[in-house]
Each structure stands twice: as structure tokens, then as C-alpha cells.
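Spelled out, the chains give:
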Amino acid sequence: MTAHEIGLSIRNGTKVYPGTVALKAADFDLHMGAVNVLVGENGAGKSTMMKVIAGVEQLTEGKIIIDGQEVTFRTTEEAARNGIGIVFQELNLFPNMTVAENIFVAREKTRGGIDIDKATQRARTRELMIQLEQDIDPDDLVGDLRVGQQQIVEIAKSLAHDARILILDEPTSALSAAEVEILFRVIADLKKRGVGLVYISHRLEELIQIGDYITVLRDGVITGARSMEGVDVDWIVHNMIGESGKDFAKEIDHPFGDEVFSAEHVSLPGAGGDLVVDDVSMSLRKGEILGVYGLMGAGRSEFLECVIGRHRYATGSFAIDGVPLKEKGVSARISRGLALIPEDRKNDGLVQILSIRENMTMSSLSRFTKAVHLSLVREKQTVADFVKRMTIKIASPEHEVSSLSGGNQQKVVIAKALMTDPKVLLMDEPSRGIDIGAKAEVFRVMRQLAAEGLGIIFVTSDLDEVMSLSDRILVMSNGRITGEFTRDEATNAKLIEASAVGHKTEHKSKESV
Amino acid sequence: MTDQTTNMPSWSGSDALLLLLKARTFIALILVFVFFALHAPNFMSTANMVIMSKHVALNAFLAIGMTFVIVSGGIDLSVGSIVGLCGMVAGYLVLNGIDVGLGWSIQFNTFEICLLVILVGVAIGALNGFLITQLNVAPFIATLGTLYVARGAAMLSSDGRTFPNLNGNPEYGSDTFRWIGTGDIFGIPFSIALLIVVGCLAGYIAARTPLGRHIYAVGGNERAAGLSGIKVNRTKYFVYIFSGFCAALVGLIISSQLVAAHPATGDTFELNAIAAAVLGGTSMSGGRGRIIGTIIGAFVIGVLSDGLVMMGVSSFWQTVIKGLVIIAAVVIDQAQQKVQARVVLRAQAAMDK
């Protein structure tokens, strides 16, 4: 392996936020023409380090060196002028504007500084889309694109400005397998052109596949930095959490009970007239964990939303404990024993400006109410119980829920669902955007709940998760169920095959499957 | 949990500042009060206090209803017009009763008149709720529409004339109508006693009932509230109906106090109500605000305008000063949010370590 030139370094970088040190005396080298992988639990300081490089934040101590010169970026524009581009984990796009407009936002190509040169923007966008192998029209509204395509647009935005250093913060979290492959090809191409890439992700296998150098962070300290050769998952996990452990599938064997939930012929029409959920039937027994695997847009989330009663035009029937579910509204279905943990915690799961306590009891206020009077004393006690039971790390239940880390927020959402005493728990990507430690705890909670007799349906696009956690696995593709496997039958290959059923041969990527 | 630096006893700086910022409306009220006590003649006299409280009460009723609406993420521009229309309905009923044709007319006593007037206010509130929840009209537009409709209806009811001499008729039992505006209970003017009752009721709903919690949740994040099983539409109906109810009370009180009903009554009252709510710390983006804050906010505005009148400041300057106070309140509110977030994040960061 040829030695890669170092394009940017941080020396003794320290960043102090009020009350916490996010980064402690970090020394980081960014290699050009290579993929520099960055891993660590949430709150380990990865994002802080990247924000410092991208000019979003400034170091409290230490320095950033580019080409032997110390630099400080006060704004993102300043960093961009120095060839640094960043793709944030959360999309920063305008759904009401076209793809071309989004790519050139705030850096519009103009004639004489006033008139926007739409033709040039469009042409440049088309070039970028060809490079990214995407069939996206420059005049499409970003709001009409799938999340995966939006992420591609976000990446194109950075490419458009000829970034020399490109930071990708969890770029694959919303991409399908085919799209991930395209992204990887683009990354390889950029590497050849000498671009220095920083790649942040929670998917460890992916990191090993793509990375050239790896840096592991824990609690703001760099615990490991080396070239990727010889690195395996154990080494990463060991440096991330300090001890070797990936025990989220610890088995508690228990017998299943009777059928607790069934769905018959559920369909949901989509915006384009086709069916988003197409004649889906399934049944679930007490104490069973049913994993639903599929790519983004396979209709998994929509199915769960049909179950909880969010879609008025859904057809089909459900039954709980054998009794048909006639109720239409969400609240009525919750009272029948269903509970949903939505995929999008920020927009669907929590009311950010309310306190942790108010969020937790939101679905179950009737528990604490006599006539119209709400007993705050009993509410507080119950919240304290759940905080302890779920091991949620909080300073006070009265603080705003937005002050918590992703993992703790997820536990608040789970606690909210559990307070309604559900019989069936519907979990949509329960591990999305939370770190390995919190993930393991969430999975342990799921196992434990199942052992207590709760039926759980969980949706995921992570193969490892679905394989290690489920008692039974359903695969969905294009709105239909395309495979059903018991724990023993299931293999990675079978699941991937089933999840691609009905997809056109997209970009030749299937050959590698 | 590993080593954590003990930053427990850092109760200084930002915590004290936060407390100060949280109590800002109250501090503002005290400052305004002290200022006028020193500079305005007769400001502290009992008579003036009673008159001032009566003025404040009118705005406070509307502001309480408005607070619920704003907390739920909406806005109610129609309250001023509802005041006007309800005043006219009250005046019409006192003077004419309802003509059923055939030379007959039904006459009502005071209690019945009050019920009917409140029914009108509630109905307009329900109409707002219907437009917003069932027909998906944006709250601003829906209530702007009802603002015009209600004002127009008020004008039509008398062809723009005033209903004078609402003394009522002892035969029909409506002679007690004047008592609403002038009477008192245990020495407290009735309108103020009613404000205390409504204020306590609203405060109770906000803090100690599921309904109140639902209002905050809907305003904070409607999607999450809906998915948590909260009946979003029902909650919205309630806030607009309650706002309409409060406006009807004000309509009754004003027409009784003046012993007359004029169709232009209540013009721009909605703006004062919004101002009081904002001054009291209600966030226009929904999810945040307290009834007691709103009432204090109403008092700040009321004391300010009455005090300035007593000092002989021109009404033009009063308007300017009122505007500046509102802007200052929101600026300070932003500062509070920032400090609060810092305090919370610091405490949480200490936990996460």
C-alpha cells in the first residue's frame, strides 16, 4: 500500500462544551486519496471532530493544520472555500425545490450575480447524476424523491463544489443495498482522484470493507488509529466500548403462547395508484419476536402504520387475541393493546420541547387520572420506575427530552409504549441512529419483554440484527411478503434474495449477491 | 458511569440568571407598578385599582382562551369580533327577545340571555374548530375568515347602530342584566371574581388534566401526539371552543358595563390578547406557555396603558411603548431558552459520562 499524503491534521484538539469535554487532546491525521473511517459510540466525539474540521464549531484548544499551516475555520463557508465538504447525517435539503436548485443553493451559478443560469445548473446536475449512476431528473422536486435518492442528492451537492476533503456522516443509513454499492463505487472513484474522505458509520462490516485507515473514539479520546489492514470487528468493538462484547442476542429460551395478533390481506394504496402494502398477512404468537426484513421502501414501515391505524384508506383486517380489531383510530387501537415505536424518533416519536416525564406518559395518561384529575404524584412515581427499569440515564425527568442522546431518547419512546400495557409491540427500526451500547440494551429489553409474553414485530434493514434477534423472519419487497423463514432456515443469502424479488435488475448489482 | 468531575455545587451564574429570566414578566409587572405608584397621581387609590382590574380582566379572559389556542399550535384572530357579535346578541335579546312571528315574541331573563350569548360564542369557536380540523384550513386563515363574518354579522344585526339602554325589564327578569358589569360578590366586582374562576379553571386544565397535557403535546409535535394515541382533532376543537367561550363572556361583560351594545366593540382585541399571551411566555410555535404567565402579561399591558393615561402620556406614545415592551419580552424569552438549554445540557452531560 502506498503511503498516502496527509492532507489535514488535528494536533492536541480539545473541545469543551459547557459542562462536558467532547474531545480530549485528539491527534488526527486525514489521509488524502484514501477513506479515513471514524467509529465510536454516539457522543464519543466523532461528530464534534468533524464539525471542527467543517467550521461548524471551533476548537477550544489545539490546532488544525493544512499543508503545514495552521488554520481556523469560523464558518462552514470558510471551510468550503478550503475544499472541505460535509454531508450531515440528517438531510439538509429543501423539499420544495428541485434537485438542481438544491445542489446549487447558496452557490447559485449566475450571470452577473443576479440572474440564475438554470441551464448550466441543470447540465452540471445531469453530469453529477450520471457520475452517481442515478436516474434523477434535475427538475424533480426533492420532496418527491425517496429518502435514499435524497441522500444521493446530498452527496452530489458536496461533489458539485469540488471538495478536496469530503466528510460523510452515516451516508448509508437510508440507502438500499444497490444504492450503497453505487456510493462505494463513487467513493473509489473519488479516492483515485486524490480526494480525502472521512467516513462515519455504525455498520462495522461496511467500514472494514471500505476503509483504508481507521480511527476509533471513546468518550472524546482516540483509543485506536491505524491502517485498516488486519482490523476486524472484534478489534473495533474492543476499542469502542472497552471490552469485547456483542452480546445483544443472548438467548432467553421460552415457549410461545397462543396467537396474539393476526393480519389478513392488508393493502394500502400509494400516491401513484400502486399498492405500497400489497396483500400482506401475518400472525404472531405471544412471546414471539417476528423480524420483518426488507430494504427501504419495501412497505415495512407502512404496514406497521396500517396496523396502528394511521392510514385511513388501508384495507384488510386485524385481530388481537382472536377478537377482530374494528376500531379505526390510533387511540382506540392503543387501548386494544397495540403500541408503535416509530422509525423517525424526532418527528413521530417524541415531542421535543416537552419534558421526559410528559413524553413518557403521553399515551397512558388515563392510568393516572380519576374523573378529570391527573395525579402528578403517581405519574412521577411511575416514570421513576420506568427510568430505573429501562436504565435510562437522565439528570432529571423534568428536563426537555431533546437534551438526551439518541439511545436514551429511544428508551423514552419504548417506555411510553410499554406504559400502555401493550400485548403487541410494533417496532420500526428500533436501533436506528443509536450506538452499540444502547443498541445492546434495547435488544436485551426486547428479549426480556418477549420472555414476559409480549408479542413483538420489528422491522429492520440490518441483516445481523434480524438474524440474531428474531424467532421468525418475514421478508418484504415491493409491498409484498416474499419470504418466510424460521430461525434455523434463515441465511443471509436467502434473505437478500427474497428482499430483491420484484426489483428490476438494478444497475447490475444483483450479480454480486 | 466512570469518573465525573464534581460539578454539583456550581449553583451560580446561569442558574441564578435562569431564575431571573423565568420571573421576568412578574418582575416587569412590579417595576411598572412601582414606577406608576411614584409618578402617576392617585395610581394607588382603591378606586383606581378596581377600575384598572376591570380593564385588565377583559383582556385577560381573551388572553386565557388565546393561550390554549397558541399552545396547541394555532391562533384565534376571531375573538375580537366574537366579543362584538356576542355583545350585539345580548343587546338584541334584552331589548327585543326573539320574534317568532304571529305577533308573538319570546322574552328571556338574564340567565337565559347569558346562556344564549355563550352558545353563540361557543358555536363560532366550534366553527373555527371545524374549519381547521375537518376542512384543513390553516388556523390563521380560518379565524381571519370568521373574524370578518362575525364582525359583519354584528353590523347587520343593527344596521351598524348601537343598542342603547340595556336596562332590561323586571317583568321578564332581565333587569339584572346590568349586575354582570356593575355587581359584586363579597366586595369583589363580579367580572374580577369571574376572571379568578375562569383563570383557576384554565390553570387546572393546563396543569392537572389529561386534556391540558394533550394540548401541549399537540402543539409540540402533532404527528407524535397523534401516533401516541392523542385525539388531535378533539383537542383542537376544545381550544377554539374555549376561546369562543371566553370571548362570549367578555361580550356580555362589556355590553352590561356600558349598558349598550355597539357593533364595533372588540375591534383589535385579539391583538391585545395575543400580546398578553406572548408577554407571559407563550411560544407562538406552540407547546409552551402558562396560564398564570398570560394573566400576569395581561396585567403588565393593562397597568401600562392605564398608568400612561393617568400620567397624561399621549395615546400615540402609549402604542409605541406597548410595542417596544412586547418586542423586549420576546427577546428576553429567547435568551431564557438559550440559558435553559445550557443548564439542562450540562446536567445531562454530567450524567452521560
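Rules used throughout
- Residues numbered from 1 in each chain as written.
- Chains lettered and ligands numbered in written order.
- Predicted model: local features only at pLDDT ≥ 70, side-chain atom pairs only at ≥ 80, totals over all residues.
- Heavy atoms only, no water.
- Pairing = 2+ DSSP bridges.
- Helix = DSSP H or I, 4+ residues; strand = E, 2+ residues; numbered from the N terminus.
- Axes fitted to C-alpha atoms, helices over the stretch in contact; angles between N-to-C directions.
- Contact = heavy atoms within 4.5 Å.
- Phe/Tyr/Trp six-rings, centres within 6.5 Å; stacked < 30°, edge-to-face > 60°.
- Buried < 20%, exposed > 50% of the residue type's maximum accessible area, 1.4 Å probe, protein only.
- Lys NZ or Arg CZ within 6 Å of the ring centre and 35° of its normal.
- Patch = residues over 30% accessible without salt bridge, like charges linked within 9 Å, V, L, I, M, F, W, Y side chains within 5 Å.
- Areas by Shrake-Rupley, 256 points an atom, 1.4 Å probe, with all protein chains shown as cover.
- Salt bridge = Lys/Arg side-chain N within 4 Å of Asp/Glu carboxyl O.
- Expected span 1.5 Å × (residues − 1).
- Disulfide = S-S within 2.5 Å.
- UniProt positions renumbered as here; feature names shortened; annotations may be inferred.
- Buried area = accessible area lost by both parts, 1.4 Å probe.
- Polar contact = N/O pair within 3.5 Å; in protein donor to acceptor, adjacent residues only side chain to side chain.

J.: Which parts of the structure should I look at to understand the sheet that holds strand β21 (residues 424–428) of chain A?
T.: Sheet strands associate in pairs through backbone hydrogen bonding, adopting either a parallel or an antiparallel arrangement. Residues and elements named next belong to chain A. The strand order across the open sheet built from six strands is β18-β21-β22-β15-β23-β24, with neighbouring strands paired in mixed fashion. The open sheet has two edge strands with one neighbour each: β18 (338–341) and β24 (480–486). The average undirected angle you get between the axes of adjacent strands in this sheet is 20°. Helix α15 (residues 436–451) rests against β15 (289–293), β21 and β22 (455–460) of the sheet, and its axis sits at about 150° to β22.

J.: Could you clarify how one ought to interpret the sheet that holds strand β11 (residues 213–218) of chain A in this entry?
T.: Residue and element names in this part refer to chain A. Strands sit in the order β6-β9-β10-β3-β11-β12 across an open sheet of six strands; the sheet is mixed. If you trace the sheet from one side to the other, it starts and ends with β6 (84–87) and β12 (221–227), each paired once. Averaged over all neighbouring strand pairs, the angle between strand axes comes to 15°, with direction disregarded. Relative to β11, strand β3 (residues 35–39) runs parallel, the two sharing four bridges. Within β11, the residue paired with leucine 38 across the bridge is threonine 215. Relative to the sheet, helix α6 (residues 177–192) contacts β3, β9 (165–169) and β10 (196–200), its axis offset from that of β10 by approximately 150°.

J.: Looking at this structure, how should I read the packing of aromatic side chains?
T.: Within a pair of aromatic rings, the relevant descriptors are the distance that separates the centres and the angle that separates the planes. One pass over the structure, following the stated rule, counts 11 aromatic pairs over all chains. For the pair Phe68(B) and Phe242(B), a centre-to-centre distance of 5.4 Å together with 70° between the ring planes defines the contact as edge-to-face. In this pair, Phe68(B) sits in helix α3 (residues 46–71) while Phe242(B) sits in helix α11 (residues 232–258), placing the two residues 174 residues apart along the sequence. Across the pair, Phe242(B) and Phe68(B) agree in class, each one buried. By way of ring pairs, the aromatic residues Phe33(B), Phe35(B), Phe36(B) and Phe43(B) are connected into one cluster. The residue whose ring lies beneath Arg226(A) is Trp235(A), and the NZ or CZ to ring-centre distance is 5.1 Å.

J.: Teacher, can you tell me more about a nonpolar patch on the surface here?
T.: Residue and element names in this part refer to chain B. A cluster of nonpolar residues, Ile98, Val100, Leu102, Trp104 and Ile106, forms a patch on the protein surface that exposes about 570 Å² of accessible area. If you list the elements that add at least two residues to the nonpolar patch, you get β1 (98–101) and β2 (104–106). Within the secondary structure layout, isoleucine 98 lies in strand β1. A relative accessible area of 35% means that isoleucine 98 is categorised as partly exposed.

J.: Help me out: how do you make sense of α11(B) in this one?
T.: In an α-helix, one full turn covers 3.6 residues, which means residues spaced three or four apart are oriented alike. All names here are of chain B. Between its terminal C-alpha atoms α11 stretches 40 Å, which fits the 39 Å expected from 27 residues at 1.5 Å a residue. Taken across its 27 residues, α11 has 19 buried, putting it largely inside the fold. The positive-phi residue at the C-terminal boundary of α11 is valine 259, with phi of around 55°.

J.: Which parts of the structure should I look at to understand the state of the cysteines?
T.: Joining two cysteines, a disulfide is a covalent bond between their sulfur atoms. All names here are of chain B. This model, assessed by the stated rule, comprises zero disulfides over all chains. Here cysteine 86 is not disulfide-linked; the sulfur of cysteine 114 is the nearest cysteine sulfur, at 11 Å. The thiol of cysteine 246 is unpaired, and the distance to the nearest cysteine sulfur, on cysteine 86, comes to 11 Å.

J.: Help me out: how do you make sense of the UniProt feature "transmembrane region" (unreviewed entry) in chain B in this one?
T.: With numbering aligned to this structure, UniProt lists the feature "transmembrane region" (unreviewed entry) at residues 26–44, 56–75, 81–106, 113–132, 185–207, 237–254 and 291–309 of chain B. Counting secondary structure, residues 56–75 of chain B comes out at 80% helix and 0% strand; the distance between its end C-alpha atoms is 21 Å.

J.: Explain the interface of chain A and chain B to me, please; I cannot follow it from the model alone.
T.: Size of an interface: often given as the accessible area lost when the parts come together. The interface of chain A with chain B comprises 42 residues on the first partner and 34 residues on the second. Taken together, both faces of the contact between chain A and chain B bury some 3200 Å²; the carbon and sulfur share is 58%. Put simply, chain A and chain B have three salt bridges between them. For Arg223(B), the salt bridge goes to Asp348(A), with nearest N and O atoms at 2.7 Å. Taken together, the links from chain A to chain B amount to 12 residue pairs in polar contact (both at pLDDT 80 or more). Going through the elements one at a time, β2 (20–31), α10 (330–335), α11 (345–349), α12 (356–360), β20 (373–374), α13 (376–389) and α14 (406–418) of chain A are the ones with two or more residues in the side of chain A that touches chain B. With four residues, α11(A) is the single largest residue contributor to the side of chain A that touches chain B.

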